[in-house]
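Examining the three-dimensional arrangement
The residues making up each chain are set out below.
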Amino acid sequence: MKKIFLLPIILFSSYILISQNMNDSIDQKVDLLLSELTLEEKASLCSGRDDWSSESIDRLNIPWIWMSDGPHGLRRAPATNKAGYGDQLPATCFPTASALAATWDVDLIYDVGVALGEECQAIDVNVLLGPGVNIKRSVLGGRNFEYFSEDPILSGEMGVAYINGVQSQGVGTSLKHFVANNVETMRMYMNSDVDSRTLHEIYLKPFEIAVKKAQPWTIMACYNRVQGEYGTQSSFLLTETLKDDWGFEGIVISDWFAVVDRVQGIKSGMHIEMPGVNDVNDSLIVEAVRSGELDEKVLDNIVRDILTIVLKAEKLEKENADQKIEEHHILAREVASESITLLKNDNNILPISKEKYKNIAVIGEFAVNPRYQGNGSSEVRPTKLDNVLEIIQDEYGNEFNIKYSRGYDLKDDNNLSYIDDATTIAKNSDIVLVFAGLPLQYESEGIDRTHINMPNSHNRLIDEINKVNQNSVIVLTNGSAVSMPWENNTPVIVESWLGGQAGAGGTTDVLFGKVNPSGKLAETFPVKLQDTPAYFNFPGEQGNVLYGERIFVGYRYYDEKDIIPLFPFGHGLSYTSFEYDNMRLSNDKILDNEELVVSLSVKNTGNIKGKEVIQLYVSDEKSSLQRPKKELKKFIKIELEPGEEKEVSFVLNSNDFTFFDSKRELWIAESGKFSILVGSSSKDIRMIQTFELESTQEVPLNFDEYTFIKEYWDNKDTRGYLIEIVPNWIGQFVPEGKSINDAVFQDFFIDHPVIKLPYISNGECSAEDIHELVRNTDNITFTP
C-alpha cells in the first residue's frame, strides 16, 4: 500500500541560495540609489507612470516595471499608456478562479501559475495582478468568478500554489484585494462592517496563509473601507498586520483609482498609487515632508521597498522567452477537465459510450457560443477558443449521430421560440446534452447580482427537455452558484464553471469518459437565495455592509442552522467509488506544542481510475466562545487505479485548533476535546476520531473595570483583591459560621461591571480603588 504525506511546502535550496545572493546585491544598489534621489523623485516613485507601469528615474537608471491584469490569464495592453480593453495582446485564457478552486489540486494550480509566469516573461510583464483570495461571502457577489472559495483555508492554499508557480518564473504577483472586498455595490466607498474576530478568522486568513507561505511581491489594497478606514490608508492592515504580524516583504499597490488620502497612505504603508494620472498626489507627499507632517524616513522606507521590487523584477527578466501557446492550450484543457464538478449522475447516465448511446442531441447556444470567462478587468483575449459542438463533432462524429439545436437566445432571456425545435430533436435522441447557465451580463465586476436565477428561457428549456427524454444532462456555465428549480426532475447535472478557452474540450473529455470527473464544490449551492448566510446583510445600505453572519460563512452557516443546501461545500461525484478505512491518530492526547498526525487509507473500489479529494475538518466539542460545528483544515487530492489503496497522512498543529480572541487580540487553542472528521464533502463525513488537547499557552486575564464582579470573585487569582476593597459588602453574603471565601451571592448583585461597585457597596470603595483593582490584575495569566 502506497503512502502519501501532505507536505506544507517544497523548498528548493539552490534556488534560495541564488535568491539570497541576488537580494544582497540589490540591497546594496538600493542603498546607493536612495542616497542620490531628490525628495521630488522619491515622491514620484510612489505613483505609477501611466496605466500599467511604475515610475522610472532616467538619470539614475531606475527602470519602470510593467503590471498586467489577471488573474486567469494576461490582459496585457498594447502599451503601458493604453487601457487594453479589446486591443489587449492574445494570451492563454485559463479557467477562472471558481473553476481552479474546484480542482482542489494545488499541484495543478502551481502548474497554471508557472504557465502564466512564462507568458508574462514572453510578453514583457513583470507583475501579474492576481490571485484574488477574497471570500465568497454571498452568492450574489458580482466578482465571485474571480475568487476561489467561501472557505479561508482552501482560498489561501490555492493562492499559495498560484503565487509560487508564477513567481518561480521570475515574475511577481499581486495578492488581492486586501481585504474584506466582498461586494461590488458602491465598492469605492462601502464600509465592510466586520467584527475583529470574523475579520481575522475568515477574511484575513487566506491572505495570511498566502503571505507566510509564498511571499507575493505585491499586495493590492482594496477600494472599500474596513472597519471605517479605507484599505489604502489603514495602518492596522498595511503595517501592523502585513508587515509586523505576518512579515510581508513586498510592496502594497493600490487598486486602480482607490487612493483617497495619499499622505496618510504613505504613513500607513501603501507604496504605489495606481494608475499614474498626474502629479497632484506626488506634490502632496513633498509638501507633507517639507511641512513636517510626514517624516522623510517613513518615505525613505517606502521608496526602499519599491526599489527592491523594481530592481528584482529587472534582474529576473528573460529575453526571447517563449509564450508556449499550444502547450498552454493543452494545459488549459486539462485544468478545465479537472475542475468539472459532477453534481448528480442518476442511473450512471454518464459517461457517454457507444455501447449505451448512438444518437446525441446537443442543445443550447452556449455549445457554439461559449461563455468562458467573467466580465470586467480580468477579460483575456484568448489565443484560440474551442466550442463544445465542434469538439464533439471532430472527436466523436464518427461514432455517434450528433444533432444540434439552439434552444435559447443569449441576447433575449425571454425568447422561447427555440424550445420546440430543441424538444423535437431531444425526443428522438438517446441522450441530450443541454448547455445552459448565466449569460455574460449576469456576472460582472462593478455590479452585484440581485438573484441567483438562470434566464427564464434556460429554465423553461430544461423543463421541456426533461419531459421528453429521461437521459437529460444539464451542463452549467456560470461563475457562481445558481438556483435549479428543475433539479428534482433532472438525472444529471454537470457544473463546468467558466472553463477558459479550452473549457469546451475539458467538458467533452468528462462527458465522454476520457477524464473521470474529480472536481468538488468550493462554495455551497443553496436551494434558494433566502437560505444564504448574508441574505439580510447584502449588499448593504447607505455605504455600510454589516457582516451580521459573523464567522458563519458558507457551509459553517448551513451546518449551524441545519439547512440542507442544494449541493454542499466539497461535493462532487466520480465515475468510480472510494472507500475510507483505518483512520487513526498518532495520539489521543497532545500538548498544544506537539503535532497530531491523522492517517487513513483510501481505496478505489470501482472499475476505472479516478481521483478523490480527502477533506479533513476539525470540531471543537466545547469552547468558551461560539465556534462553527466544523471547519476545513486540510485536504489532499490523490489518484487511484481500480482496486488501488493508498495511505494518506495529515499533520496538524495548534494553529488548526485556535480561535481568535478579539478582546485579548490573541489566537487561542483551549484545552479540551476535539473531533477530527474526514470525508468526501462537508456533508459526506466518512470517519471521525476524537482526541484531547492540553494547552500550555499563557493567556492574559485581561480584566478591566467593565469585567463583572462575578468574574473577579470566581477567579482564584483575583478574589483576594476584591475582598480587600469591599470586605463588608461581601460579608453580608457570608452564611453564619462560614469564612468570607464562602460567600454566596445572588446573581443579580454580582452580574454588574466592577466599575459600579462604589455605588453598589454604598461607598465602601472608590473609583480609584477600582482602578487599583484593575492594575493589580494586569499581569495575571491563565492557561485556557
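See the structure above.
These lines cover the structure that appears in this document, whether it is placed above or below. Please read all numbers here as calculations on a predicted model, not as lab measurements.

Attention shifts here to the sheet that holds strand β2 (residues 67-69). The strand order across the open sheet built from five strands is β2-β3-β4-β6-β9, with neighbouring strands paired in parallel fashion. Sheet topology places β2 and β9 (251-254) at the edges, where each strand pairs with a single neighbour. This sheet shows a mean twist of 30° between the axes of neighbouring strands, independent of strand direction. Relative to strand β4 (residues 172-178), strand β3 (residues 127-129) runs parallel, the two being bridged by two bridges. For Leu128, the partnering residue across the bridge sits in β4 and is Thr173. Across the sheet, helix α8 (residues 235-245) lies against β4, β6 (218-221) and β9, angled at about 120° from β4, the strand it touches most.

So, about the packing of helix α4 (residues 106-122) against helix α5 (residues 152-167). How two helices sit against one another is set out by the angle between their axes and by the gap between those axes. Contact geometry of α4 with α5 gives a least axis separation of 6 Å together with a crossing angle of 35°. Crossing of α4 over α5 shows right-handed handedness. In this structure, α4 uses Val106, Ile109, Tyr110, Gly113, Val114, Leu116 and Gly117 to contact α5, whose residues at the interface are Glu157, Met158, Ala161, Tyr162, Asn164, Gly165 and Val166. Split by residue class, the contact of α4 with α5 holds nine nonpolar, four polar and one charged.

So, about the packing of aromatic side chains. Across all of its chains, the model carries 26 aromatic pairs by this definition. For the cation-ring pair, Arg76 lies above Trp66, with the distance from its terminal atom to the ring centre recorded as 3.7 Å. One Lys or Arg, Lys205, reaches over the ring of Trp667 and ends 4.3 Å from the middle of that ring.

What follows deals with the pairing of strand β12 (residues 401-405). Here five bridges tie strand β11 (residues 359-363) to β12, and the two strands are oriented parallel to one another. Bridge pairing in β12 links Asn359 to Asn401. A crossover links β11 with its parallel partner β12, the connecting element being helix α13 (residues 388-396), and its sense is right-handed.

What holds strands together in a sheet is hydrogen bonding between their backbones, with the strands either parallel or antiparallel. The strand order across the open sheet built from six strands is β10-β15-β14-β13-β11-β12, with neighbouring strands paired in mixed fashion. The open sheet is flanked by β10 (341-345) and β12, the only strands paired with a single partner. Strand-to-strand twist in this sheet, taken as the mean axis angle between neighbours without regard to direction, amounts to 15°. When strand β13 (residues 431-437) meets strand β14 (residues 472-477), the two strands line up parallel, connected through six bridges. If you follow Phe435 over to β14, its bridge partner there is Val475. Helix α15 (residues 456-468) rests against β11, β13 and β14 of the sheet, and its axis sits at about 165° to β13.

This part is about the nonpolar core. Grouped together as the largest cluster of nonpolar side chains are 191 residues, with contacts concentrated most on Phe178, Leu350, Ile352, Val473, Met484 and Leu511. Sorting elements by how many residues they give to this core places helix α11 (residues 296-315) first, with nine residues. Apart from residues lying up to four places away in sequence, Leu350 is in contact with Leu342, Asn345, Lys356, Ile431, Val473, Val492, Val494, Leu511 and Tyr575. Tyr580, Val602, Phe650 and Ala669 belong to the second-largest nonpolar core, a separate cluster that totals 26 residues.

Attention now goes to helix α12 (residues 325-339). Look at α12: 21 Å from first C-alpha to last across 15 residues, which is about the 21 Å you get at 1.5 Å a residue. Inspection of α12 places His328, His329, Leu331, Ala332, Arg333, Val335, Ala336, Ser337, Glu338 and Ser339 among the buried residues, and these make up the whole buried set.

Conventions and cut-offs
- Residues numbered from 1 in each chain as written.
- Predicted model: local features only at pLDDT ≥ 70, side-chain atom pairs only at ≥ 80, totals over all residues.
- Heavy atoms only, no water.
- Pairing = 2+ DSSP bridges.
- Helix = DSSP H or I, 4+ residues; strand = E, 2+ residues; numbered from the N terminus.
- Axes fitted to C-alpha atoms, helices over the stretch in contact; angles between N-to-C directions.
- Contact = heavy atoms within 4.5 Å.
- Left-handed = near helix turned anticlockwise from the far one by under 90°.
- Nonpolar A, V, L, I, M, F, W, Y, C, P; charged D, E, K, R; others polar.
- Phe/Tyr/Trp six-rings, centres within 6.5 Å; stacked < 30°, edge-to-face > 60°.
- Lys NZ or Arg CZ within 6 Å of the ring centre and 35° of its normal.
- Right-handed = clockwise from strand over helix to strand, strands pointing away.
- Core = buried A, V, L, I, M, F, W, Y, C linked by side-chain atoms within 4.5 Å.
- Buried < 20%, exposed > 50% of the residue type's maximum accessible area, 1.4 Å probe, protein only.
- Expected span 1.5 Å × (residues − 1).

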